Amino acid sequence: MGELTRYLPVELVDAVLEENRAVERRRRLLPSRVGVYFVLALSLFPALGYLRVWDKLTAGLTTPGIARPSEKALRCLRRRVGPAPLKALFEVLAGPLAQSTTVGVRYRRWRIVAFDGCSAVKVPDCERNRAWLGRIQARLGWAGYPLLRLMTLCETGSRGLLGAVFGPTSEYETTYARRLLPLVNASMLVLADRGFDADDFLADTAATGAQFVIRITARRRPAILAVLPDGSYLTRLGRLKVRVIDATITMTTSGQTLCEHYRIATTLLDHRSDPAEALVRLYHERWEIESAYYALRHTLQDGLVLRSQDRAGLEQELWAQLIVYQLLRTAMVDAVESCPGTDPDRASFTIALETARDRIILADAAAAGTALDGLVGAIGLAVLAGLLPARRPRTSARSVKAGRTRYPTNPAEPRPRQSKTITSLTVTPRTTPESPSQPPDDREDQRKAVTGIRPMGAGNRNRTFHLMAAEPERSWRPREVAIALGIHNYASFATQMTQWATEGLLKKIAYGTYTLADAWKRTTLTDASGLNSVALPRRRGS
């Protein structure tokens, strides 16, 4: 494998083959070790056939009499090796790549990682692949190729992979992500988008000891426990206590101003050590995993369809791609860490990939595993010689590159079609309008003036919540709460309280009688910053 052999020595390959009982039973011209390196070379040259890839592997060898097997022999070699040794090799290589002092790797004491899935891995349209993955429904019929869903846990600073799973797209992203949760620990801070905001998944992530900053959908209207000085508020999502940050991001480009609303949930509850604006800006690091997928699918694989026509071959091929990707990222991180203060974002994946391909063709096998060209090797030298400029802030509309419809972008998308530089960016944390300390807005006043009824929305829910929390041991009837809050439609409000009891905010203790649920009862504590009477939830039995 040329320069990459220094990160994947033959001793490691032999050990993994022996552990998975994939070593050849008799001496062959094509031993299993060669099969592993051949499958990895297939990922480095995705546009070439078997024999052309074999020629690349042997081009730099000077030993006479090198065998040139047939395509059938190479196919049999792949089948004999199987996917298990490649999966085991990836599990050995996967993990954090950067040192704790590397730029952009940590937020305070936590290593930043991110979950995300990729559903753009296309496989050949054949009967055995369809039996495993099914067919994909497009807008105007069936899609041309079945798709694999790849889920990874990625270190955002170096874009190295800590783990990966894949399978049919019929499974939810959170189902695959749960299989990677054992890789998460208390030294990490997890980022994820709105597809991972399920209450159970958030609770399971927090149970690993890790912190998280995850965007939640705007449709969620969590009850407010306490409003913090920076505008964020404490609440519960399921059984987990979290802090929610509502913020407006204003971007200015040449001749255009764009605004977007973000709602983020986090287990970092202290507004002094973790200000709302800092966490909103931190969430932007989640996009680094999208860069990882772009390098994996469009740079390494060149956007091509995978080769294999059965499940075992697809698994072997995809594990090989992930191994090659991780090896290249390792070489890139070694290069940038040799120059303290260099951001890994400046390392070019394309340069590393092309240099690795060149070294396979040109390097002598005897020198492939040595510390070639100094400490960082030939790939590292090429990366350092072609460092990218510091990343500039940009924005553009998200377009569908492998679309199932005829429309590549949303016609109502306000962001520019072409990438534009952001000249200014402002993050404005918003004090939630649902806070009981704020008066209702003008629209509610107008609606009440016309109908005499205030809407039964989240505002009334939080007003009810705080009224009952003032006397947590008292039992309340809907009419008593409605009179105290100035609500005139008693029947509708009683129905609303029944719904809140179903959601777990209230506990129904008798017919038409409610009390605050135990998990939401609060205790008045003194905040470390000197703020008195900050409402925090009281654990059951405390």
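All values reported here derive from a predicted model rather than from experimental measurement. Going along each chain's sequence as written, the residues are numbered from 1 onward. Since the coordinates come from a predicted model, pLDDT governs what is reported: local features require at least 70, and pairs of side-chain atoms require 80 or more to be given and counted, while whole-chain, interface and lining totals use all residues. Heavy atoms throughout the structure, all of them, feed into the side-chain values; hydrogens and water do not.

Peer 1: When you look at helix 16 (residues 478-485) in this model, what are you seeing that I'm missing?
Peer 2: Think of it in three bands: with a 1.4 Å probe and only protein chains considered, a residue is buried below 20% of the maximum accessible area for its type, exposed above 50%, and partly exposed in between. Each helix is a run of DSSP H or I of at least 4 residues and each strand a run of E of at least 2, with the numbering of both proceeding from the N terminus. Looking only at helix 16, the buried set comprises Pro 478, Val 481, Ala 482 and Leu 485. Projected down its long axis, helix 16 carries its buried residues within an arc of 100°, all on one side. What points out from helix 16, more than 90 degrees from its buried face, is the exposed set Arg 479, Ile 483 and Ala 484. One or two steps after helix 16, the chain reaches Gly 486, where phi turns positive at roughly 75°. This arc describes the spread of directions from the helix axis toward the C-beta atoms.

Peer 1: Even after reading the chapter, I still don't get a positive patch on the surface, so can you show me in this structure?
Peer 2: Each patch is built from residues that are more than 30% exposed by relative accessible area and take part in no salt bridge. Like charges join if they lie within 9 Å; nonpolar side chains (Val, Leu, Ile, Met, Phe, Trp, Tyr) join within 5 Å. Computed with a 1.4 Å probe, the accessible areas rest on the Shrake-Rupley method; for each residue, only the protein chains presented here act as cover. One speaks of a salt bridge when a side-chain nitrogen belonging to Lys or Arg is within 4 Å of a carboxyl oxygen belonging to Asp or Glu. When charges are counted, Lys and Arg contribute as positive and Asp and Glu as negative, whereas His and the chain ends are disregarded. A single reference atom marks each charge: NZ on Lys, CZ on Arg, CG on Asp, CD on Glu. Taken together, the side chains of Lys 72, Arg 75, Arg 79 and Arg 128 make up a positively charged region of the molecular surface. Here the positive patch gets 3 residues from one element, more than from any other, and that element is helix 4 (residues 71-81). Among the secondary structure elements, Arg 128 is positioned in helix 6 (residues 127-133).

Peer 1: Looking at this structure, how should I read the side chain of Gln 321?
Peer 2: Within the secondary structure, Gln 321 sits in helix 11 (residues 311-337). In protein, a polar contact means a hydrogen-donor-capable atom and an acceptor-capable atom, both N or O and within 3.5 Å, with residues adjacent in sequence counting only if both atoms are side-chain atoms; elsewhere, any N or O pair within 3.5 Å suffices. At 2.6 Å, the side chain of Gln 321 and the side chain of Gln 301 are in polar contact. By the convention used here, residues are in contact when the closest approach between their heavy atoms is within 4.5 Å. Non-local contacts of Gln 321, meaning those with residues more than four positions away in its chain, are made with Ser 43, Leu 296, Arg 297, Leu 300, Gln 301 and Leu 306.

Peer 1: Could you clarify how one ought to interpret the pattern of salt bridges in this entry?
Peer 2: If charged atoms from side chains of opposite charge come close, those side chains can pair. Scanning all chains against the criterion turns up 28 salt bridges. In this structure, Asp 125 engages Arg 130 in a salt bridge whose closest nitrogen and oxygen atoms are separated by 2.7 Å. Bridged by salt links that share partners, the residues Asp 116, Asp 193, Arg 286 and Glu 290 form one connected network.

Peer 1: Can you help me understand the packing of helix 2 (residues 32-44) against helix 3 (residues 50-58) in this one?
Peer 2: For any two helices packed against each other, the geometry comes down to the angle between their axes and how far apart the axes lie. Lines fitted to C-alpha atoms define the axes, with helix axes restricted to the stretch in contact, and inter-axis angles between N-to-C directions lie between 0 and 180 degrees. Between helix 2 and helix 3, the shortest axis-to-axis distance is 10 Å and the interhelical angle comes to 110°. Considered as vectors, helix 2 and helix 3 are oriented roughly perpendicular to each other. On helix 3, the residues that touch Val 34, Tyr 37, Phe 38, Ala 41 and Leu 42 of helix 2 are Tyr 50, Val 53, Trp 54 and Leu 57. Polar here means any residue other than Ala, Val, Leu, Ile, Met, Phe, Trp, Tyr, Cys and Pro, which are nonpolar, and Asp, Glu, Lys and Arg, which are charged; Gly is therefore polar. When the residues that make up the contact of helix 2 with helix 3 are grouped by side-chain class, the tally is 9 nonpolar, no polar and no charged. When describing relative orientation, an angle under 35 degrees is termed roughly parallel and one over 145 degrees roughly antiparallel, while 65 to 115 degrees is termed roughly perpendicular and anything else oblique.

Peer 1: What's the story with the packing of helix 2 against helix 4 in this structure? I'm lost.
Peer 2: In the contact formed by helix 2 and helix 4, the axes pass within 9 Å of each other and the chain directions differ by 105°. Looking at the two axes, helix 2 sits roughly perpendicular to helix 4. Contacts from Ser 32, Val 34, Gly 35, Val 36, Phe 38, Val 39 and Leu 42 in helix 2 reach Leu 74, Leu 77, Arg 78, Arg 80 and Val 81 in helix 4. Tallied by class, residues from the contact of helix 2 with helix 4 come to 8 nonpolar, 2 polar and 2 charged.

Peer 1: Teacher, can you tell me more about unusual backbone geometry here?
Peer 2: Residue Arg 159 is not a glycine yet carries a positive backbone phi of 60°. Among the secondary structure elements, Arg 159 is positioned in the loop between strand 5 (147-155) and strand 6 (160-168). Residue class for Arg 159 comes out buried when judged on its relative accessible area of 5%. A positive phi angle, close to 60°, is found at Asp 302, a residue other than glycine. For Asp 302, the location among the structural elements is in the loop between helix 10 (288-300) and helix 11.

Peer 1: Teacher, can you tell me more about the pairing of strand 2 (residues 110-122) here?
Peer 2: Consecutive side chains along a regular strand alternate between the two faces of the sheet. Within strand 2, 10 of the 13 residues are buried, which leaves it mostly tucked inside the rest of the structure. Pairing between strands is defined by DSSP: at least two bridges between them are needed. Pairing of strand 1 (residues 106-107) with strand 2, which is carried by 2 bridges, proceeds in the antiparallel orientation. Residue pairing across strands places Arg 106 opposite Arg 111, the latter belonging to strand 2. Hairpin connection of strand 1 to strand 2: 2 residues between the antiparallel strands, including Arg 108 at a positive phi of 55°. Inspection of the sheet shows strand 2 paired to strand 7 (residues 188-192) by 4 bridges, in the parallel sense.

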